[in-house]
Each structure stands twice: as structure tokens, then as C-alpha cells.
Amino acid sequence: MATSSYIPVGRTSLVKRGEIDVQVQTEYAARPSPRMTTTLSHQGQVLHKVERPLPKLVETFEEQRSIETEMRKQHDEILGIIQQETEVAATQLQPRSPEAERRMTAYERLTAIPDVTHVYRVDNEGNLMEEDAIRFKKSFAIIFKGIAELMNLFARLPGSDGTREQGVCEVERSRLYFASIGTECFFIVIDPSDLSIDYERLIKSAVTTV
């Protein structure tokens, strides 16, 4: 199989910073030299680029998967920085260390997952914030009525102060997921761009990261 057949799949996200929509795109390029690049842009104007050279071309399926993992990490790190910093500035847009990534909240990690369009926070009693409840009920009326039953998927831990089991449940295939981190729960809405992406695995990783 030709080398050009091994092309790592890129990632694209849209992040809102105040009144500005920032498009974040991470992609692989083989020419003029192998590299992966994360580009931040607003209305077609490039704001910043983070480029990482690669030692060689991707020549096997295993290498392709490995580079895709590295691309995901770089993409998620940049998303986390944009969401946490007060300004989108070049001096702030440097990849986070693993320690900094671990300090991100579960909500931040969930919003950084590719193709996530909204994350609704739910307390352990099954209550959404008022404005979220209105929006969620409009989009998912039947599921909204059944929130109490969904909460029972993650049982309260014996002897705890209401902490629930951690876990992830696919509510609507590749569109809506329900997850628990123990102290609170989330509805995660997906607009899938690539059905080969294992969204459930990515969500599980986000809610179980220590």
C-alpha cells in the first residue's frame, strides 16, 4: 500500500471566547516535511498556529493511529487553553503539560472533545440549571421527562454523601450521551463529523481522568 494511503484523521472544533467564535483545526501534512499543525482562526483569519515537526512520514496503520492520538492530545490541549485563558493571544497558546491537563475540570475536558456542541450539567438530584433546563427540554423533551430514570443508571455509593457511580451511557446513538463523575452528571450533545470516532470512549476518558 502506498505511503499516501496512511493519512491521520484531523480534528476540528468551534470554541466561543466571549463574543468571538474561534475555529480550531488540527491536521497532518506530509509535504514539504511531515508535521502536525493546530490552526486557530476567526472568520477565515488565522490567529495563531502551533506546529510540531514529525521525524518521518506515516508509513503504517499503527503509525497512523499513534499520530492520531498525538494530534488529539495537541488539539485538546489547545482547546483547554482557549477555554481557560482570558484572551486568545499567541503568548498563551502553548500546549499544556500533562499536569496542567489533569487540572482541567471534567466539564472542560468534555467540551474539548471533537464534535461536542453542548454539555449540560446535572446535579446528583437530576436538576439542570434553569436556562439549561429550558433549552434541554426543547431539544430532548422525552428524555427530559425521564431524567429520574436515567439518574438511576448511576447508583448512589453506600455510606457516601450522595456520590454516585461513575460511568457513561449512550442515550441517542452518536448524538446524546449521559455521564457521571460521581459528584455531578452531564448530558453531552454530539454533532458527529466522523462516525468512526469512538465518542463514548472519549467521554469515559474525560469523566474518569483523575
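Before any of the text, the structure's been laid out above.
About the cut-offs
- Residues numbered from 1 in each chain as written.
- Predicted model: local features only at pLDDT ≥ 70, side-chain atom pairs only at ≥ 80, totals over all residues.
- Heavy atoms only, no water.
- Phe/Tyr/Trp six-rings, centres within 6.5 Å; stacked < 30°, edge-to-face > 60°.
- Buried < 20%, exposed > 50% of the residue type's maximum accessible area, 1.4 Å probe, protein only.
- Pairing = 2+ DSSP bridges.
- Helix = DSSP H or I, 4+ residues; strand = E, 2+ residues; numbered from the N terminus.
- Axes fitted to C-alpha atoms, helices over the stretch in contact; angles between N-to-C directions.
- Contact = heavy atoms within 4.5 Å.
- Core = buried A, V, L, I, M, F, W, Y, C linked by side-chain atoms within 4.5 Å.

(A) Spotlight on the packing of aromatic side chains. For the structure shown, the criterion picks out six aromatic pairs. Note on Phe136 and Phe140: the rings are 5.1 Å apart at their centroids and 35 degrees apart in plane angle, and the pair reads as tilted. The residues Phe136 and Phe140 share a single accessibility class, namely buried. Considering the side-chain rings of Phe154 and Phe178, the 5.6 Å spacing of their centres and the 35 degrees angle between planes classify their relative orientation as tilted.

(B) The arrangement of the sheet that holds strand E6 (residues 167-172) in detail. As summarised here, the arrangement of the four strands in space is E5-E8-E7-E6, forming an open sheet in which the pairing is antiparallel. The sheet is open, and its two edges are formed by strand E5 (116-122) and E6, each paired on a single side. Along the sheet, successive strands turn relative to each other by an average axial angle of 20 degrees, direction set aside. The pairing of E6 with strand E7 (residues 176-180) spans five bridges and is classified as antiparallel. Residue pairing across strands places Glu172 opposite Leu176, the latter belonging to E7. Contacting E5, E7 and strand E8 (185-190), helix H4 (residues 130-139) crosses the sheet at an angle of about 125 degrees to E5.

(C) Expanded view of the nonpolar core. If you look at the biggest cluster of nonpolar residues, it comprises 18 residues, and the most contacted ones within it are Leu110, Ile113, Tyr177, Phe186, Ile188, Ile203 and Val207. When residues of this core are traced back to their parent elements, those giving at least two are helix H3 (106-111), E5, E7, E8 and helix H7 (199-208). Considering each element in turn, this core owes the most residues, five residues, to H7. Those residues in contact with Val207, other than ones at most four positions away along the chain, are Leu110, Gln166, Gly167, Val168, Ala179, Ser180 and Ile181. By size, the runner-up hydrophobic cluster in this structure holds 16 residues, among which are Leu128, Leu150, Met151 and Leu176.

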